[in-house]
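Structural overview for review
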Amino acid sequence: MENKLQQLTDKLYNEGLQKGQKEAQEVLENARKQAERIIADAKAEATRIVEDATRAAAELKTNTHNEIRLAATQTMSSLRAQIEGMVVAEVVTPQVSAAWKDGEFVKSMILSAVGAFNPTVGEVKLVVPETMVSEVKSALAHKFASGVEVVTDARVKVPFRIAPADGSYYVSFTDVDFTNLIKAYIRPKVAELLFGAKDE
């Protein structure tokens, strides 16, 4: 009886031990698999982070390069425009100002403007500086029989102004107007002289 009890005890012990060892083996195997999965996930995440960082760095480099190139282009364009403006201002403005001080030039401009209005069709009103009234009247009398009224107006601060007699509109001729007109035509030529032909 004691022998059977010992056998039963040994059998229970061995079965329990085997069962415990099996469970321990399963726990270890599960732990090993979970550890491998965690390591694989961590490696994948690390790879993704490195790839994202590499892509972000490349984008930042490209964007920075483009911004610097754009800033350089805009700076060059602005500088060229300023240089052109300075050259044109130094060349054109003094010449136009001198021309507007030339009474003969102003008289020829007035005769051309009055001729464009065709005073035989309708009356034209011409406003000139007081110092030029008699000279302009004399020049107009030689070229046009009638239809032009020459007056002065202290409020008019331009070399001359011409309008139909009904006052529906007027055209002012100033040194600033002519300077801007000439600048518009001369700028491309000045740019070509200063910086060479424009890129095609």
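Residues numbered from 1 in each chain as written. Predicted model: local features only at pLDDT ≥ 70, side-chain atom pairs only at ≥ 80, totals over all residues. Heavy atoms only, no water.

Per an unreviewed UniProt entry, the recorded name for the protein chain is V-type ATP synthase subunit E, and the organism is Mucinivorans hirudinis. UniProt, in the comment section headed Subcellular location (unreviewed entry), describes the protein chain in these words: "Endomembrane system". Under the Sequence similarities (unreviewed entry) heading, UniProt states for the protein chain: "Belongs to the ATPase B chain family." (UniProt positions renumbered as here; feature names shortened; annotations may be inferred.)

**What about helix α3 (residues 133-143)?**
Taken as a whole, α3 has its buried residues at V133, V136, A139 and L140. Taken down its axis, α3 places every buried residue within 135 degrees of arc, on the same side. Turned more than 90 degrees away from the buried face of α3, the exposed residues are S134, A141 and H142. Lining the buried residues of α3 we find α2 (103-117), β1 (124-127) and β2 (148-151). (Buried < 20%, exposed > 50% of the residue type's maximum accessible area, 1.4 Å probe, protein only. Helix = DSSP H or I, 4+ residues; strand = E, 2+ residues; numbered from the N terminus. Arc of directions from axis to C-beta. Contact = heavy atoms within 4.5 Å.)

**Things to note about the UniProt feature "coiled-coil region" (unreviewed entry) in the protein chain**
The sites that carry the UniProt feature "coiled-coil region" (unreviewed entry) are, in the present numbering, residues 14-63. Helix makes up 100% of residues 14-63 and strand 0%, and the two end C-alpha atoms of the span are 72 Å apart.

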